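# Notes for the structure review
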Amino acid sequence: MNVLGLFWRNLVNGPATDPYPFGPTVTQKRFRGRIEFDAPSCEGCKLCERVCPSGAIKFSKDPGGLAFDCWHATCVFCGTCEFYCPTGSIHQTDDWSLAHLQEDKYRMVEHGLIPNMTCSECGATALDTAPMRNTRPPLTDEEVATLRPMCPKCRAKFMKNRKKP
Ligand code: SF4
Ligand code: SF4
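Residues numbered from 1 in each chain as written. Chains lettered and ligands numbered in written order. Predicted model: local features only at pLDDT ≥ 70, side-chain atom pairs only at ≥ 80, totals over all residues. Heavy atoms only, no water.

Time to look at the pattern of salt bridges. In the structure shown here, the tally under the stated rule is four salt bridges. The salt bridge involving aspartate 104 is made with arginine 107; its shortest N-O contact spans 2.4 Å. On the accessibility criterion, arginine 107 (59% relative accessible area) is exposed. (Salt bridge = Lys/Arg side-chain N within 4 Å of Asp/Glu carboxyl O. Buried < 20%, exposed > 50% of the residue type's maximum accessible area, 1.4 Å probe, protein only.)

Okay, here's the thing in C-alpha cells:
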C-alpha cells in the first residue's frame, strides 16, 4: 500500500491507540500488577520476603506488632510471592497505573500490620497471626478459632495434644 493509501485508511479507521490518560484503556486479563496484602490471613512465615527476587517485600518489627511493606517502585511484578504464599494473603491486582512524582516515591508502598495480641492461655504477648494450616489432617474451623488467640508455645502444646481422628 502506498503512502496515500495508508493515509486514507488511517483517516477512515481513526486512531488505533487508547486515549489514556485522557480516556479509558484496556487491561489484559491476568495482568500482573500492584501487590495487595491481607494481614488477618497471614501466617507470618515470611516466605514471601525470602522468595522475592527484587527485595521489594520487607517485614520489620513495629511497636504494635510485625509490619509488612511491599515497595511498588522496587517490585518487578513477577508474582512469585503470590505463588508461594500458603494462605493467599498476597494478591496481585491488575492495577498497573503506578506512575508517580519523584517526591511521592516513599508513598508507593503496600503497608500492613500483624498486630500484637495477648495469648488467651498464658497471657504472653504474641503476634496475631493466622494458625498454620498445613497440618495432617487439616485443622477444622473450630480448631482454627481455638488456636487463633494463642501464642506459638500454647499452639504447639495444643497441636501436641490434638486428638486425631
Ligand atoms: S503467609 Fe503469605 S503473606 Fe504471610 S508471611 Fe507467609 S508468604 Fe508472606
Ligand atoms: S511480585 Fe515478585 S518482585 Fe513483586 S513483591 Fe512479589 S515476589 Fe517481589
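A few words now on the site of ligand 1. The environment of ligand 1 is formed by 14 residues, the closest being Cys42, Cys45, Lys46, Cys48 and Cys85. Looking at the shell around ligand 1 residue by residue, the classes come out as nine nonpolar, three polar and two charged. (Near = heavy atom within 4 Å. Nonpolar A, V, L, I, M, F, W, Y, C, P; charged D, E, K, R; others polar.)

Another point: the environment of proline 40. Take proline 40: it is sitting in the loop between strand E1 (35-37) and helix H2 (47-51). Proline 40 sits in the exposed class, given a relative accessible area of 52%. The spacing of proline 40 and isoleucine 114 is 74 residues in sequence and 7.1 Å in space, taken between C-alpha atoms. Apart from residues lying up to four places away in sequence, proline 40 is in contact with Ala130 and Arg148. (Helix = DSSP H or I, 4+ residues; strand = E, 2+ residues; numbered from the N terminus. Contact = heavy atoms within 4.5 Å.)

Let's shift gears to the pairing of strand E2 (residues 57-62). On a regular strand, each side chain points to the face opposite its neighbour's, so the side chains alternate between the two faces of the sheet. The pairing of E2 with strand E3 (residues 65-71) spans six bridges and is antiparallel. Directly across from lysine 61, in E3, lies its bridge partner leucine 66. Two successive antiparallel strands, E2 and E3, enclose a turn made up of two residues. (Pairing = 2+ DSSP bridges.)

Under the criterion given, the structure shown has four aromatic pairs. Aromatic pair tyrosine 20 and tryptophan 96: ring centres 4.9 Å apart, planes at 65°, arrangement edge-to-face. In this pair, tyrosine 20 is assigned in the loop between helix H1 (3-13) and E1 and tryptophan 96 in the loop between strand E4 (90-92) and strand E5 (109-118), connecting sequence segments 76 residues apart. Residue tryptophan 96 is classed as partly exposed on the basis of its relative accessible area, which comes to 32%. A centroid spacing of 5.1 Å and a plane angle of 85° characterise the contact between phenylalanine 83 and tyrosine 84, whose relative ring orientation is edge-to-face. The class for phenylalanine 83 is exposed, based on a relative accessible area of 65%. Through pairs of rings, three or more aromatic residues link up here, namely Phe37, Phe59 and Phe68. (Phe/Tyr/Trp six-rings, centres within 6.5 Å; stacked < 30°, edge-to-face > 60°.)

Remember that the coordinates give geometry; whether it matters functionally is a separate question.
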